[in-house]
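Chain by chain, the residues:
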Amino acid sequence: MKQPSISVLKKYLSAMGKIKKKYVTADRLSKEVGIYPEVINETLSFFDPMVNMDYEYNLLELVPQIKKYIEDIEEEKAKAKEKKPHLVQTAIRKQDFTKYDGIGDFIYQKMTIGGMLDKYMTLTDNDLKTLKKLIVEEQQERKKKK
């Protein structure tokens, strides 16, 4: 079964909070929200399948389940953001740039596919730092030769 959208559920919850009745049906909610009762019933059938069959179902009974569902989804999103690893290194190591013979070798290894230059290739921050280090070394070697 398709999971309902968080924004739609929040919209339904706020509309149910505005209705001052103790018994809220899909028809009453549809007048407040402006959505067909069938659509509301289909969305809320995720929490209780009887909503689709009984048009006089009190939707206020679903409020605790909806709130808990929203909290769980938001917690999962927060945890996913916290666990996102940093792919960018702060400093490059010597082994990162010593594996390349020079700037040309770096470009060949990183920016070509089968010998053809990929002009849409994007370099990571770490790759750019490595390239910068290779450029500095090349410039120092040229100064020594003069």
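Please refer to the structure placed before this passage.
Residues numbered from 1 in each chain as written. Predicted model: local features only at pLDDT ≥ 70, side-chain atom pairs only at ≥ 80, totals over all residues. Heavy atoms only, no water.

> Got a minute to help me understand the overall build of the protein chain in this structure?
Scanning the protein chain from N- to C-terminus turns up 8 helices and 2 strands. Listing each helix as α and each strand as β along the protein chain from the N terminus yields α-α-α-α-α-α-α-β-β-α. Summarising its shape, the C-alpha atoms of the protein chain cover approximately 90 × 30 × 20 Å along the three principal directions. Within the span of the protein chain, comprising 146 residues, buried residues form 31% of the whole. A fraction of 54% describes how many contacts in the protein chain between residues 6 or more apart in sequence connect residues 24 or more apart. For the protein chain, the exposed area adds up to about 11,300 Å²; of that, 54% sits on carbon and sulfur atoms. Charge centroids of the protein chain, computed over 29 positive and 23 negative side chains, lie 8 Å from each other. (Helix = DSSP H or I, 4+ residues; strand = E, 2+ residues; numbered from the N terminus. Buried < 20%, exposed > 50% of the residue type's maximum accessible area, 1.4 Å probe, protein only. Contact = heavy atoms within 4.5 Å. Areas by Shrake-Rupley, 256 points an atom, 1.4 Å probe, with all protein chains shown as cover. Lys, Arg positive; Asp, Glu negative; His and termini not counted. Charge placed at Lys NZ, Arg CZ, Asp CG, Glu CD.)

> Would you explain the packing of helix 1 (residues 6-18) against helix 2 (residues 26-33) in this entry?
Between helix 1 and helix 2, the least distance of the axes is 10 Å, while the angle of their chain directions is 100°. In terms of their interaxial angle, helix 1 and helix 2 are classed as roughly perpendicular. Here Lys-11, Tyr-12, Ala-15, Met-16 and Lys-18 of helix 1 come into contact with helix 2, specifically with Leu-29, Glu-32 and Val-33. For the contact of helix 1 with helix 2, the class distribution of residues is 5 nonpolar, no polar and 3 charged. (Axes fitted to C-alpha atoms, helices over the stretch in contact; angles between N-to-C directions. Parallel < 35°, antiparallel > 145°, perpendicular 65-115°, else oblique. Nonpolar A, V, L, I, M, F, W, Y, C, P; charged D, E, K, R; others polar.)

None of this, on its own, says anything about what the molecule does.
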